[in-house]
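# Descriptive structure summary
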Number of protein chains: 2
Amino acid sequence: MAQNKKADFSEIDQEMANFAKALSHPARVAIIKILAAQSSCICGEIVEVLPLAQSTVSQHLKELQLAGLVKGTIDGNKSCYCINWETMQQAIQQFNGLLNTLNDRKTFSCC
Amino acid sequence: MAQNKKADFSEIDQEMANFAKALSHPARVAIIKILAAQSSCICGEIVEVLPLAQSTVSQHLKELQLAGLVKGTIDGNKSCYCINWETMQQAIQQFNGLLNTLNDRKTFSCC
DNA sequence: TCTATTTATCGTATATTTACGATATTAAAT
DNA sequence: ATTTAATATCGTAAATATACGATAAATAGA
């Protein structure tokens, strides 16, 4: 991008955009749902369920971790991933905050 | 991407990822907030407030429109943009649905 | 009518994302 | 000790996203 202008926006808008970006690929949405339902937390089982190569799933997990939505621990030979509740709450609170603003004004629309 | 695997995921996960993608840039978060607060709905005024070129803002507005989160009408010389309530509700319901799943299991975490 | 204003679109350069195979690393199993 | 299994990382190719200036198109205003 010639230049990256993201830094020119407010911290809070950047943060919200980052959370949204973490969820902007169906693989990552699917991973979050798997972890949330706790049908599994082992990397290998997630790989089995998703239509992607092992290295690609690993990459998506890393991105979720980077965004803070997920945390991982090494369990012997395997890797265990879990939802990071604190950050997830924070993220969803921001979306809800937007929803509340919206509900307040819902009655009026100029177009 | 060699190949695009997004279509291999469930409709609902794709839809959620699309909403998230629409909000994955701080400029688009900022635009939604401006429209939600109804401090303005005229394209030109949005351009003035954001640290981006007119053509870039136009592009971001188009993406929000494509995701269904925003609708626009032409008003003489100008363009008016508004939140598309139906779709926005739908988007936020999906995020909330995820939140509810999370709250149910909150007490337990394996890592 | 002619000019200015407003916005969308086109073309394009650069950055980032997505995806995979190959390989490295580490623990488990034999 | 050697082999197998699980996962992360590296390198890389291709697709998308981001950003801008230039230009087109259409209305407003003189």
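Reading the values: rules and limits
- Residues numbered from 1 in each chain as written.
- Chains lettered and ligands numbered in written order.
- Predicted model: local features only at pLDDT ≥ 70, side-chain atom pairs only at ≥ 80, totals over all residues.
- Heavy atoms only, no water.
- Core = buried A, V, L, I, M, F, W, Y, C linked by side-chain atoms within 4.5 Å.
- Buried < 20%, exposed > 50% of the residue type's maximum accessible area, 1.4 Å probe, protein only.
- Contact = heavy atoms within 4.5 Å.
- Buried area = accessible area lost by both parts, 1.4 Å probe.
- Salt bridge = Lys/Arg side-chain N within 4 Å of Asp/Glu carboxyl O.
- Polar contact = N/O pair within 3.5 Å; in protein donor to acceptor, adjacent residues only side chain to side chain.
- Helix = DSSP H or I, 4+ residues; strand = E, 2+ residues; numbered from the N terminus.
- Expected span 1.5 Å × (residues − 1).
- Arc of directions from axis to C-beta.

## Regarding the nonpolar core
Grouped together as the largest cluster of nonpolar side chains are 74 residues, with contacts concentrated most on Ile32 and Leu69 of chain A together with Ile32 and Leu69 of chain B. Not counting the four nearest positions on each side in its chain, Leu69 of chain A is found in contact with Phe19, Ala22, Leu23, Ile32, Leu64, Cys82, Ile83, Asn84, Thr87, Met88 and Ala91 of chain A.

## Examining the interface of chain B and chain A
On the side of chain A, 50 residues touch chain B, which itself brings 50 residues to the contact. For the pair chain B and chain A, the two sides together bury roughly 4600 Å², of which 74% comes from carbon and sulfur. The tally of links from chain B across to chain A stands at 2 salt bridges. Asp13 of chain A is paired through a salt bridge with Lys33 of chain B; the nearest N and O atoms lie 2.7 Å apart. Where chain B meets chain A, there are 4 residue pairs in polar contact (both at pLDDT 80 or more). Looking at the side of chain B that touches chain A, the elements with two or more residues in it are α1 (11-22), α2 (26-37), β1 (70-75), β2 (78-83) and α5 (85-105) of chain B.

## A closer look at helix α4 (residues 54-66) of chain A
All names here are of chain A. In this model, α4 (13 residues) spans 18 Å end to end at C-alpha, consistent with the 18 Å of a helix rising 1.5 Å per residue. Within α4, burial applies to Val57, His60, Leu61 and Leu64. The arc that holds every buried residue of α4, seen down its axis, measures 100°, which confines them to one face. Opposite its buried face, α4 presents the exposed residues Gln59, Lys62 and Leu66, each directed more than 90 degrees away. Tucked inside the fold, the buried residues of α4 contact α1 (11-22), α2 (26-37), α3 (43-49), β1 (70-75) and β2 (78-83). Once α4 ends, the next one or two residues include Gly68, with phi positive near 90°.

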